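# Chains, contacts and geometry: an overview
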Amino acid sequence: MNWNSILFDWNQVRAFLATAEEGSFSAAARVLNTSQPTISRQISALESSLKATLVERSVTGQTLTPTGQELLDHVRVMGEAATLVSMVADRQSQEVSGNVVLTATDLMSAAILPKVLRPLRDTAPAITIRIVESNDNQNLIMREADIAIRHVRPQEPELIARHVGDLRSNLYAARGYLDKAGRPHTIREVADLAFIGIPEPDYLVEALQNMGIPVQADRFVIQPHSSMVAWEMVKAGHGVSMLPAFLGETEPGIETVFADVPSMEFPIWLVTHKELRTSSRIRTVFDTLAIQLQAVANERR
């Protein structure tokens, strides 16, 4: 098919691109902040204009046809170009107002951002902060977020990152749980406790084993995606979890599981796209966050 001879409706193309990358109409609708029927209608309209089927619909989901796969390579280029145009326009704006999308883990969003964003409300009240609580890495390159707070340094060359500090974490449990399960007398006995951690906890298992705790994956009896849920499970007495010291050391009824277990350090990286760093409002939020997060990391070590 000669794609160069066809005029595209960008909204239809964007719906197709989001569906292809997210894997379903519903996921594409969430990314584009619209409805699933709208996504379906836009793709149907695109298929009608092209006189070709791009997406196979079934009860198990949506998959691209060979024609859809061929078109995908072209519309990805269009998507990247549209993103760069938006970034260049954003970079030229020097007015310290407008929306900034900030993504961070749910624990960071709930426990730390309320404090660190307070000075920004005083210095730049015209900026609106949209917070995306997510434990997944949002795609800054495609503008799913303007600024991300991450615990891993990004590798993409399009991104710039600043290390603003580290958060100390330890194994904590409710006093009632340890009264019932028994407090460990050796670091090896820690492995016999019930653990609360992320799904597929192989990373945590390896890290704990490297610390001298021979825990196995089957000891992770509750595996929430949310760090805040893990924290609530610990407070309710379900088991042990690796949590930031600023939570475990200030909550009544919570105690360190075993004093000789070394702390874990979680780095805090502040990340944005290099094109956005020269936008006045992005720079204002980025610099304020850097100062405030560094202060939080220093006071909570």
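Relevant structure appears above.
A brief structural summary. None of these values were measured; they are calculated from a predicted model.

## Side note on the overall build of the protein
Helices and strands together make up the secondary structure of the protein, namely 12 helices and 11 strands. Expressed as a percentage of its 301 residues, the buried residues of the protein come to 45%. Sequence-distant contacts in the protein: of pairs separated by 6 or more residues, those separated by 24 or more amount to 74%. For the protein, the accessible area works out to roughly 15,300 Å², and carbon and sulfur atoms hold 49% of it.

## Topic: the nonpolar core
Generally speaking, nonpolar side chains in soluble globular proteins are found buried as a group. The biggest cluster of nonpolar side chains holds 62 residues, and the ones touching the most others in it are Leu171, Leu289 and Leu293. The biggest single contributor to this core is helix α12 (residues 280-299), with 8 residues. Other than its neighbours up to four places away in sequence, leucine 289 contacts Leu102, Leu113, Val116, Leu117, Ile147 and Leu270. With 18 residues, the next largest nonpolar core counts Phe16, Leu17, Ala52 and Val55 among its residues.

## Re helix α3 (residues 36-50)
Between the first and last C-alpha of α3 there are 21 Å, a value that for 15 residues agrees with the 21 Å anticipated at 1.5 Å per step. All of the buried residues in α3 are Thr38, Ile39, Ile43, Leu46, Glu47 and Leu50. After α3 finishes, the residue lysine 51 shows a positive phi value of roughly 55 degrees.

## What about the packing of helix α1 (residues 10-22) against α3?
Two numbers describe how α1 lies on α3: the axes approach to 8 Å, and their chain directions differ by 110 degrees. Considering the angle they form, α1 stands roughly perpendicular to α3. The two elements α1 and α3 meet at a crossing, and its hand is left-handed. Side by side, α1 and α3 meet where Asn11, Gln12, Val13, Ala15, Phe16 and Thr19 of the first sit next to Ile39, Gln42, Ile43, Ala45, Leu46 and Ser49 of the second. In terms of residue class, the contact of α1 with α3 is built from 7 nonpolar, 5 polar and no charged.

About the cut-offs
- Residues numbered from 1 in each chain as written.
- Predicted model: local features only at pLDDT ≥ 70, side-chain atom pairs only at ≥ 80, totals over all residues.
- Heavy atoms only, no water.
- Helix = DSSP H or I, 4+ residues; strand = E, 2+ residues; numbered from the N terminus.
- Buried < 20%, exposed > 50% of the residue type's maximum accessible area, 1.4 Å probe, protein only.
- Contact = heavy atoms within 4.5 Å.
- Areas by Shrake-Rupley, 256 points an atom, 1.4 Å probe, with all protein chains shown as cover.
- Core = buried A, V, L, I, M, F, W, Y, C linked by side-chain atoms within 4.5 Å.
- Expected span 1.5 Å × (residues − 1).
- Axes fitted to C-alpha atoms, helices over the stretch in contact; angles between N-to-C directions.
- Parallel < 35°, antiparallel > 145°, perpendicular 65-115°, else oblique.
- Left-handed = near helix turned anticlockwise from the far one by under 90°.
- Nonpolar A, V, L, I, M, F, W, Y, C, P; charged D, E, K, R; others polar.

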